[in-house]
Amino acid sequence: MVNIVENYIALKKNMATLINKSGYKNAYLAEQIGIPAPTFSVKKQRGNWSETEMLQILSIIENEKLNDYFMLELMRAEKDEPRFPVSDLKKEMGW
């Protein structure tokens, strides 16, 4: 459960980067989600998106390239976590 919340916090924190990587203009995204462009820019700087706004933006900008970028960032953040070989899992599960 903690991991889910940590990933959500990371997503919210990185929304500006994701928007920049998507190639969409701020004005276009602001219009699509129904907020003024200056408000969008402030939210982008501060990272104070509502859950609804995040869903709306992600539904527009989400693509495989962006998913790969975010997954890479998550992997970098967890690079010091312990890793276990698949053979250990197979042995433990009796496969």
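These notes cover the structure that comes with them. The numbers attached to residues start from 1 for each chain and follow its sequence in the written order. Predicted model: local features are reported for residues with pLDDT of at least 70 only, side-chain atom pairs are reported and counted for 80 or more only, and whole-chain, interface and lining totals are derived from all residues. The side-chain values count all of the structure's non-hydrogen atoms but skip hydrogen atoms and water molecules.

Here we look at the overall build of the chain
Helix numbering and strand numbering both begin at the N terminus, where a helix is a DSSP run of H or I of at least 4 residues and a strand a DSSP run of E of at least 2. Each helix and strand in the chain was counted, giving seven helices and zero strands. Helices (α) and strands (β) of the chain occur, in sequence order from the N terminus, as α-α-α-α-α-α-α. Each principal axis of the C-alpha distribution contributes one length, and for the chain these read about 55 × 25 × 20 Å. The rule is simple: take the accessible area with a 1.4 Å probe, protein chains only, and divide by the maximum for that residue type; under 20% is buried, over 50% is exposed, in between is partly exposed. Expressed as a percentage of the 95 residues in the chain, the buried residues total 23%. It only takes one pair of heavy atoms within 4.5 Å for two residues to be counted as in contact. Across the chain, the fraction of contacts at a sequence separation of at least 24, relative to all contacts at a separation of at least 6, is 64%. Carbon and sulfur atoms provide 56% of the accessible area of the chain, an area that totals close to 7,300 Å². None of His or the chain ends enter the tally, which takes Lys and Arg as positive and Asp and Glu as negative. Each charge is placed at NZ for Lys, CZ for Arg, CG for Asp and CD for Glu. In the chain, 13 side chains carry a positive charge and 13 a negative one; their mean positions are 7 Å apart. Areas reported here follow the Shrake-Rupley algorithm with a probe of radius 1.4 Å; residue values treat only the protein chains shown as occluding.

Considerations on the packing of helix α3 (residues 26-33) against helix α4 (residues 37-46)
Any two packed helices are characterised by the angle at which their axes cross and by the distance between the axes. To get an axis, a line is fitted to the C-alpha atoms, and for a helix only the part in contact is used. The angle between two axes follows their N-to-C directions and goes from 0 to 180 degrees. Orientation of α3 relative to α4, taken along the N-to-C sense of each, is 105 degrees, at an axis distance of 9 Å. One way to sum up the angle between α3 and α4 is to call them roughly perpendicular. Taken together, the residues of α4 that come into contact with α3 (itself represented by Asn26, Ala27, Leu29, Ala30 and Ile33) are Ala37, Phe40, Ser41 and Lys44. For the contact of α3 with α4, a count of residues per class yields six nonpolar, two polar and one charged. When an angle is under 35 degrees it counts as roughly parallel; over 145 it counts as roughly antiparallel; between 65 and 115 it counts as roughly perpendicular; any other value is oblique. Put simply, Ala, Val, Leu, Ile, Met, Phe, Trp, Tyr, Cys and Pro go in the nonpolar bin, Asp, Glu, Lys and Arg in the charged bin, and everything else, Gly too, in the polar bin.

What about the nonpolar core?
Grouped together as the largest cluster of nonpolar side chains are 17 residues, with contacts concentrated most on Met15, Leu18, Phe40, Ile57 and Ile61. At the level of secondary structure, the elements contributing two or more residues to this core comprise α2 (15-22), α3, α5 (51-61) and α6 (64-77). The dominant element in this core, judged by the number of residues it contributes, is α5, at four residues. Ignoring any residue separated from it by four or fewer positions in sequence, one finds Phe40 in contact with Ile19, Asn26, Leu29, Ala30, Ile33, Ile35, Trp49 and Ile57. For our purposes a nonpolar core is just a set of buried Ala, Val, Leu, Ile, Met, Phe, Trp, Tyr and Cys residues, chained together by side-chain atoms within 4.5 Å.

Describing the packing of α2 against α6
It is the contact of α2 with α6, at a shortest axis distance of 10 Å, that shows an interaxial angle of 145 degrees. Taken as a pair, α2 and α6 cross one another with a handedness that is right-handed. Judged by residue contacts, Thr17, Leu18, Lys21 and Ser22 of α2 engage Leu66, Tyr69 and Phe70 from α6. Looking at side-chain class alone, the contact of α2 with α6 contains four nonpolar, two polar and one charged residues. Each crossing gets its handedness from the near helix: less than a right angle anticlockwise from the far helix is left-handed, clockwise is right-handed.

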